[in-house]
Amino acid sequence: MIFKSTNMLLPQTIEMKKWAVIACDQFTSQPEYWQRVKSFVGENPSTFHMIYPEAELSSFSRKRIMEINQKMNQYKSILTEYPDSYIYVERTLLDGRIRRGVIGVIDLEAYDYSNDSTSLIRATEQTVIERIPPRLEVRKRACLELSHVLLLCDDEKKQLIEKVSEQKKTLALLYDFDLMECGGHVKGWLLQGKEAEKFSVRLNDYMAGKREKCLTEGISPLYFAVGDGNHSLATAKANYEQIKLENGGSKSEELARYALVELENIHDESLVFEPIHRLVKTKDVNHLLKKLDLDLCMHNENPCESDSRKIEWYTENENGTFILNSKESSLSVEILQDFLDKYLKTYGGEIDYIHGESSLKNLICGKEMIGFVVPTIKKSDLFMVVAQEGALPRKTFSMGHAEEKRYYIETRMIKED
């Protein structure tokens, strides 16, 4: 099985609102968010003490990694094990939408994050190799795994996760609490024994159907796509490959071979794809704008025919719109990203990725900053585009706003005692 149950670990008799913390790669330009989290959790047991927020990576510290690993060892005493289990999750977002998922583990032998991958599990965005080492430093010494990875299935018939939802009244409720910092509410049920076996049977049927459909269409079978947490899963893969080289055949290799994820259905109405906007810092914003207009833009087109290629830009005092040349790519975000990468490499500057148009505009301050508002891919197109064209440009889309990202709750052992 490439997606299966595992020995889940959950804390007992603690304040869960302080335990659960949002994905470490969120609010990277808003360190005040993480300061509020730090103040709120204090010294209480919390996943905050077991992660390294990317907002703080500019001051990367090996001492901090040691502290993270120490906390993991300390917290083992408050964790209860649920053997050979899945966990069914319902996340109620602030607007009332309920996002459903099943937590299990994937076999990293079936996953490849390279752009031209034909593996059964694939990344949806290009992996920036430089982002892996600091994450790897945390993982390779960790005894516990925390995950914010959201894995997508293409279950049009809604036979997997939705069927579990219908059965939840027969399942044991494991947790039910409000999440911090406008995260909404979350509930988790234990999926074990006969009900877990039924889910596994449906999972096999789903994969067999996907294989047949893909082969009929002349493309390599794609069962699952990584919707969020691409770089975290790539780190798990890199760690596993390293352990295979150094400790092949050991218990460590067996534990590292699997990675914790939450499986969600791309056809769930609650699942919304949001664009991820670009915030650029450069010495000469006007030069960047002129260069972009000269290199990439089309003029005098019918606006109705070019809406999908519109890119809005904002500075502190001005704004405007570009229509990008479709000959460069079918995705406007890919055209823009390629241009920005080359421009910043040549002329200097920095780029950040911002969730939410209002957040982007609020962060623009000073004459050396410019923001780009970009469209996003239709979620119904995702599996086919990835299957046919490979991984999308990094930060092409986001599954919901920043506050809607997955919170760390469950964990599992990934290193022998």
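Structure shown above.
Residues numbered from 1 in each chain as written. Predicted model: local features only at pLDDT ≥ 70, side-chain atom pairs only at ≥ 80, totals over all residues. Heavy atoms only, no water.

Let's shift gears to empty space enclosed by the protein. Summed over the entire model, instances satisfying the criterion amount to four cavities of 30 Å³ or more. Considering only enclosed or pocket space, the largest cavity measures out at about 400 Å³ in volume. Together, 26 residues line the largest cavity, and Arg135, Val138, Arg139, Leu146 and Ser232 are the ones closest to its centre. When residues of the lining of the largest cavity are traced back to their parent elements, those giving at least two are α4 (132-139), β8 (144-145), α7 (230-247) and β13 (258-265). Of the residues in the lining of the largest cavity, the class split is 18 nonpolar, four polar and four charged. Taken as a whole, the second largest cavity spans an internal volume of roughly 150 Å³. Classifying every residue of the lining of the second largest cavity gives two nonpolar, ten polar and seven charged. (1 Å grid on protein atoms, 1.4 Å probe; cavity = no way out; pocket = protein on both sides within 12 Å on 5 of 7 lines; lining within 4 Å. Points joined across faces, edges and corners; volume = space filled by probe spheres on them. Helix = DSSP H or I, 4+ residues; strand = E, 2+ residues; numbered from the N terminus. Nonpolar A, V, L, I, M, F, W, Y, C, P; charged D, E, K, R; others polar.)

Moving on, we get to the layout of surface pockets. Computed from the structure, the largest pocket encloses a volume of approximately 1000 Å³. Lining the largest pocket are 37 residues, and of these Thr28, Glu54, Ile351, Asp352 and Tyr353 sit closest to its centre. Elements with a contribution of two residues or more to the lining of the largest pocket: α2 (31-41), α4, β15 (276-281), β18 (350-355) and α11 (357-363). Taken together, the residues of the lining of the largest pocket break down into 14 nonpolar, ten polar and 13 charged.

Spatial strand order, β17-β16-β19-β15-β18: five strands in an open sheet with antiparallel pairing. Edge positions in the sheet fall to β17 (319-323) and β18, since each of these pairs with one other strand and no more. Across the sheet, the axes of successive neighbouring strands diverge by a mean angle of 25°, strand direction being ignored. Where strand β16 (residues 310-314) meets β17, five bridges bridge the pair, whose relative direction is antiparallel. (Pairing = 2+ DSSP bridges. Axes fitted to C-alpha atoms, helices over the stretch in contact; angles between N-to-C directions.)

With the rule as written, the count across this model stands at 31 salt bridges. Across the pair Arg139 and Glu145 runs a salt bridge whose closest N-O atoms are separated by 2.8 Å. The closest approach of N and O atoms between Asp338 and Lys342, which form a salt bridge, is 3.1 Å. In this pair, Asp338 and Lys342 are both assigned in helix α10 (residues 332-347), four residues apart and thus about one turn of the helix distant. A relative accessible area of 38% places Asp338 in the partly exposed class. Overlapping salt bridges bring together Arg62, Glu137, Lys140 and Arg141 as one network. (Salt bridge = Lys/Arg side-chain N within 4 Å of Asp/Glu carboxyl O. Buried < 20%, exposed > 50% of the residue type's maximum accessible area, 1.4 Å probe, protein only.)

With that out of the way, let us pick up helix α6 (residues 193-216). Between its first and last C-alpha, α6 extends 35 Å over 24 residues, near the 34 Å set by a 1.5 Å rise per residue. If you check which residues of α6 are buried, you get Glu195, Ala196, Phe199, Ser200, Arg202, Leu203, Tyr206, Met207, Lys210 and Cys214. The positive-phi residue at the C-terminal boundary of α6 is Gly218, with phi of around 75°. (Expected span 1.5 Å × (residues − 1).)

Okay, the side chain of Ser117 next. Within the secondary structure, Ser117 is located in the loop between β6 (111-112) and β7 (121-123). Under the relative-accessibility criterion, Ser117 is labelled buried at 8%. Of the polar contacts made by the side chain of Ser117, one reaches the backbone oxygen of Asp112; its length is 3.2 Å. At 2.8 Å, the side chain of Ser117 forms a polar contact with the side chain of Ser119. In this structure Ser117 touches Asp112 and Arg122, once residues within four positions along its chain are discounted. (Polar contact = N/O pair within 3.5 Å; in protein donor to acceptor, adjacent residues only side chain to side chain. Contact = heavy atoms within 4.5 Å.)

Take the pairing of strand β12 (residues 224-228) next. For β12, the buried fraction is high: five of the five residues fall into the buried class. Sheet topology places β7 next to β12; three bridges connect them, and they run parallel. Along β12, the bridge assignment pairs Ile121 with Phe224.

The terminal C-alpha atoms of helix α9 (residues 285-296) lie 16 Å apart, and with twelve residues this matches the ideal 16 Å at 1.5 Å per residue to within 8%. Buried residues along α9 sit in contact with β15, β16, β17, α10 and β19 (369-373). Structurally, the start of α9 carries an N-cap: the backbone nitrogen of Asn286 is 3.3 Å from a side-chain oxygen of Asp284.

Fair warning: the whole summary comes from geometry, so function is off the table for now.
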